[in-house]
Amino acid sequence: MKHFGIIAEFDSPAAILSAAEKVRDAGYQRWDTFTPFPIHGMEKVMKLGNSLVGWVSLAMGAGAFLSVVGLIWYANAFDYPLIVGGKPMFSPPMTFVPAYIMMIMGGAVGALVGMLGLNQLPRLHHPLFANKNFALASRDKFFLAIGATDPKFSENETRKLLEEIGGVNIELVEDAD
Amino acid sequence: MSSHKDTTHLPPKLDLSGWSRLPSVLMVGGGILSVVGALISFKHDGGTAFGFSWLFAFIFYLTIALGSLFLVIVHHLTDAGWSVPIRRFCEHLASLLFPWLAILFLPVILFAPKIFTWLTLPAADELIRARAPVFTLAGFVIVSATFFGVWWLLTSRLRYWSLRQDVTGDALCVQKMRFHSGWGILAFAATITGASVLWVKSLQYQWFSAIYGVYFFSDCTWIALATVYVITVILQRQRILDGVLHDSQFYFLGVWFFAFTVFSAYTEFAQYFVVWNANMPTETFWYLIRERGSWWWVSMILIVGHFFVPFFLLLPVKAKSNFKIVLPVCALAWLMHALDLSFNILPAARPDGYPLKWIPLQLGCLAFMGGFLSWVFLKKFASHPPYPQRDPRVLEAMGIGLEPEEYPDTLPANGGDR
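What counts, and at which threshold
Residues numbered from 1 in each chain as written. Chains lettered and ligands numbered in written order. Predicted model: local features only at pLDDT ≥ 70, side-chain atom pairs only at ≥ 80, totals over all residues. Helix = DSSP H or I, 4+ residues; strand = E, 2+ residues; numbered from the N terminus. Buried ≥ 20, exposed ≤ 12 C-beta atoms within 10 Å, placed from the backbone. Contact = placed C-beta atoms within 7 Å. Domains from an automatic or database assignment. Pairing = 2+ DSSP bridges. Axes fitted to C-alpha atoms, helices over the stretch in contact; angles between N-to-C directions. Nonpolar A, V, L, I, M, F, W, Y, C, P; charged D, E, K, R; others polar.

J.: How should I be thinking about the overall build of chain B in this particular structure?
T.: Scanning chain B from terminus to terminus reveals 15 helices and zero strands. When its C-alpha atoms are laid out on the principal axes, chain B stretches across 80 × 45 × 40 Å. Per-residue burial over chain B gives 37% buried out of 418 residues. If you take every contact in chain B between residues at least 6 apart in sequence, the share linking residues at least 24 apart comes to 81%.

J.: Is there a simple way to explain the domain arrangement of chain A in this structure?
T.: How large an interface is tends to be reported as the accessible area lost when its parts come together. Under the domain assignment used here, chain A contains domain 1 (3-49 + 127-174) and domain 2 (53-118). Summarising the inter-unit geometry, the C-alpha centres of domain 1 of chain A and domain 2 of chain A are found 45 Å apart.

J.: Would you explain the environment of Ser83(B) in this entry?
T.: Residues and elements named next belong to chain B. Note on placement: Ser83 falls in the loop between helix 2 (48-77) and helix 3 (84-94). Of the residues examined, Ser83 has 21 C-beta atoms within 10 Å and is grouped as buried. Residues Ser83 and Val72, eleven residues apart in the sequence, show an inter-C-alpha distance of 8.8 Å.

J.: Any chance you could explain the sheet that holds strand 4 (residues 168-174) of chain A here in plain terms?
T.: Within a sheet, neighbouring strands are paired by backbone hydrogen bonds and run either parallel or antiparallel to one another. All names here are of chain A. Within the open sheet, the four strands sit side by side as 2-3-1-4. Their pairing is antiparallel. A strand with exactly one partner marks an edge of an open sheet, and here the two such strands are strand 2 (31-34) and strand 4. Each strand axis lies, on average, 20° off the axis of its neighbour in the sheet, ignoring direction. With six bridges joining them, strand 1 (residues 3-10) and strand 3 (residues 142-147) adopt antiparallel strand pairing. Each residue of the ladder has a partner; that of Gly5, found in strand 3, is Gly147.

J.: Is there a simple way to explain the interface of chain A and chain B in this structure?
T.: With ten residues of chain A at the contact, the number on the chain B side is nine residues. Put simply, the parts of the chain that give the side of chain A that touches chain B at least two residues each are helix 1 (13-25) and helix 4 (92-118) of chain A. The residue inventory of the side of chain A that touches chain B, partitioned by class, reads four nonpolar, six polar and no charged.

J.: Help me understand unusual backbone geometry, please; the structure alone is not making it clear to me.
T.: A negative phi angle is the norm for most residues apart from glycine, just as the trans form is the norm for most peptide bonds. Of note, the amide linkage connecting Leu121(A) to Pro122(A) takes the cis form, showing an omega dihedral of -5°. One can find Pro122(A) in the loop between helix 4 and strand 3. The amide bond that connects Phe98(B) to the next residue, Pro99(B), takes the cis arrangement and shows omega of 0°. Topologically, Pro99(B) is positioned in the loop between helix 3 and helix 4 (100-110). Here the phi dihedral of Gln120(A) falls at roughly 55°; this positive angle occurs in a residue that is not glycine. Assignment of secondary structure puts Gln120(A) in the loop between helix 4 and strand 3. Classification of Gln120(A) by C-beta neighbours within 10 Å gives exposed; the count is 8.

Listed below in structure tokens is the structure:
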């Protein structure tokens, strides 16, 4: 039987914040917290940097911008040169408005697709859903899970650590796949 | 969360006492340079070079004051909490409009016949005749005085109630400031459009551009944000505002600054694009002049320095609160804004290329006015509390999520898990 990790339950934001500090200090790498609302300072404890979504968005936006400029050049100046309103066949100002609009489109699609990709979504099921208390993560309970893929993970040691830092309902979560 | 603010990460306190004579030095040095320049200008072109340089420097500081006024108005209209600490010196900057900038406007009236060709050209021109009541010296003075009158009313009321709030802490003060911001935003929009058209755009009165007022406004706010950012950094380093400032203030200012970098490029391009697309001689001539000689290079520098460089430097999230990135961008913004105003103002007198010979004269006018206005500003700043003392939102700005009456007795001892 494969294991996904160990999950523990906490009662308050302060409890999970101090628990997270201790898990971090114990040297764990692959762990996560699940709370009903964002907890101030958690991102610092978990050392979460900025999301990479912005770069996906930038790349998609810039790509869309340049491809529309290219498309207009190809259509108006190369493939079928056409004089419109006495303007040059190709001039940067004339491409700007459609290219700019497609840049917004590309940026937005990049943000959405990048977010879904980095979150590994959509998926139909998650092993943590097997935990019967886990639904309370969107109500009034605070959860901390340490993944089995963590190099420091050991069933007994990790369970002991979670007990020491005040976790209750500690459960080994199975990976159903 | 915790209200305790860690100031140990701040570098040592900034001591600017050695610079206290700078405004006077600038005023005297700039004054001498301006007078010498004016005398030379009289001899060569009857004062045109001086008139244009003075107008250029005047508009430069006018934009900072108008942009600051906008920040104060928006603060009240949106009921903002984060901008409480920076509100007071923005009010001081805005109240430079009257009487100080109005005084500095007097030479513009004096030199108006040298600057604005519509004052001296025969009224046979239909474009002048159609605007006859305004396009006369009396009309020019009356309309300009109206602008300053509105700004005087607006800035003095906003500042009066803000200072009153320090004393009474009364809810009436907030209501009054909101009331004056309410009619003020409309009056601001009307006067800033009128001022930009009458004082800058009418230099080439044959030209039409409906977006000019918006373009002028976006640049006003852009340069005011650069100035406000620098002042906020200085006040934090001097430990004057560090108690009420959080990282978020710098981040929000950076976001505004970034947004207006984009917005001013947007308005400028929109103006260019409409002229380019319509392709009418009555409009294109304005840009054709600016593609001649060294003006071409000025416009190229503006595209890169006014938009692309600040845009990409300020784009990352963390850059907006990183002083090492934003402060150089602010310096660049001042330089680019000055160049942008040159681009708008000077070709009317020098269509063949950027007048390099005028630079000492322009620097003289800029230094004189800068010294004078910063002297007035420092006097105002020193004679009042540095931030609104009893604003209902000041605790919010400090990052304390408590009602004022709860503070500080029931501050949770455990750092507050509420």
